[in-house]
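# Structural features, examined
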Amino acid sequence: MVTAASIGSRVESLASSGISTIPKEYVRPEEELVNIGDIFEDEKSTEGPQVPTIDLKEIDSDDIKVREKCREDLKEAAVEWGVMHLINHGISDELMERVKKAGKAFFDLPIEQKEKYANDQASGKIQGYGSKLANNASGQLEWEDYFFHCVYPEDKRDLSIWPQTPSDYIVATSEYAKELRGLATKILSILSLGLGLEEGRLEKEVGGLEELLLQMKINYYPKCPQPELALGVEAHTDISALTFILHNMVPGLQLFYGGKWVTAKCVPNSIVMHIGDTLEILSNGKYKSILHRGLVNKEKVRISWAVFCEPPKEKIILKPLPETVSEEEPAIFPPRTFFEHIQHKLFRQSQEALVSTKESAALKSTTESALKSTKEAALISTN
């Protein structure tokens, strides 16, 4: 049922109400506001480290030297950063634009119409249209609304909760999910070889063609009157194996690299790819699941399309693969199911962060965020 209360709970509704100051529950603690400046100016900067761009054009080249150079670049980015811009990835610009056009058209609908697709987290109905829950002891909120749904495999989808408007939404999103599943196989194969494993090993370890779930979350970040005080998404690492992200070319993604926050560029026709916790665990930390967050701004709405590639919750035990463990490099992660990993991130107490009191408040805050998850982790992992 669409109610005034549900409509009023949407960040979009709040943002369009004409407020000049944000409610206190959206104001982040001072230590979380480090390095939040003008996101548009930050995105233009060429100083300091930059998120790597990996060109996949020659990933299957007949020239072995060219092919191996391309694959080594991808592996190095996974080891050093855990995030990268993928270009020439094989998914057409036209299809990506259709996906983005359809998602934007849904969020352009009146809130009353979007509420017909509202989820109900209290009853366990986590797919659909929603807003972030308070996910920490102080009850702080994040400046975003979203639409979440499983998009692959096809037999695990529930098309009854997918937007019927615009008419191209289901067709474009389904086609994109199928293409992305093929890209995931290719990436997992290269990363397997990078660990000295057989080509199909990592894909097998995360569920294979039948069990690996692709869950899409369209993040909608309205204009914010006080972006220097808010976060679209607080600092976290992804629980997935891989995460693939499209966006509307409005900057906002920041990565915690080298002890500071780095703003990602907006690279045309690229897909941002994150290594998630799942691959970090399987590789015994050789591949990095990088801490990241989303900023907002007062000038432009930002939209991103994140697809999380996740293993089945209970069927597989996640632990460092034997080939990644040695006497010199013992296992640094205990064995857990994917569901147990989610719970571990949800409920780990802050004292387990083991943060030195001598560290700066900013580093302490981001480290604690990395060692606990938000309730959103539960949302994006439930099928």
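Let me sum up the structure you'll find in this document. On a predicted model such as this, the values are computed, not experimentally measured, just so you know.

## Some thoughts on the sheet that holds strand β1 (residues 53-55)
- One open sheet holds the eight strands; their spatial order is β1-β2-β10-β7-β12-β5-β4-β3, and the pairing between them is mixed. The open sheet has two edge strands, β1 and β3 (128-131), and neither has a second partner. For this sheet the average axis-to-axis angle between neighbouring strands, irrespective of direction, equals 25 degrees.
- Alignment of β3 against strand β4 (residues 145-152), held across four bridges, turns out to be antiparallel. The partner of tyrosine 129 across the bridge, within β4, is phenylalanine 147.
- Along the sheet, helix α7 (residues 169-194) makes contact with β2 (83-87), β4, β5 (213-221), β7 (242-247), β10 (271-275) and β12 (302-310), crossing β7 at roughly 135 degrees.

## Side note on the pattern of salt bridges
- For the coordinates displayed, the defined rule picks out 21 salt bridges.
- For glutamate 144, the salt bridge goes to lysine 217, with nearest N and O atoms at 3.1 Å. In this pair, glutamate 144 is assigned in the loop between β3 and β4 and lysine 217 in strand β5, connecting sequence segments 73 residues apart.
- Exposure remark for lysine 217: the relative accessible area of 3% places this residue in the buried category.
- When salt bridges that share partners are traced, they join Glu94, Arg98, Asp168 and Glu175 into one network.

Rules behind the numbers
Residues numbered from 1 in each chain as written. Predicted model: local features only at pLDDT ≥ 70, side-chain atom pairs only at ≥ 80, totals over all residues. Heavy atoms only, no water. Pairing = 2+ DSSP bridges. Helix = DSSP H or I, 4+ residues; strand = E, 2+ residues; numbered from the N terminus. Axes fitted to C-alpha atoms, helices over the stretch in contact; angles between N-to-C directions. Contact = heavy atoms within 4.5 Å. Salt bridge = Lys/Arg side-chain N within 4 Å of Asp/Glu carboxyl O. Buried < 20%, exposed > 50% of the residue type's maximum accessible area, 1.4 Å probe, protein only.

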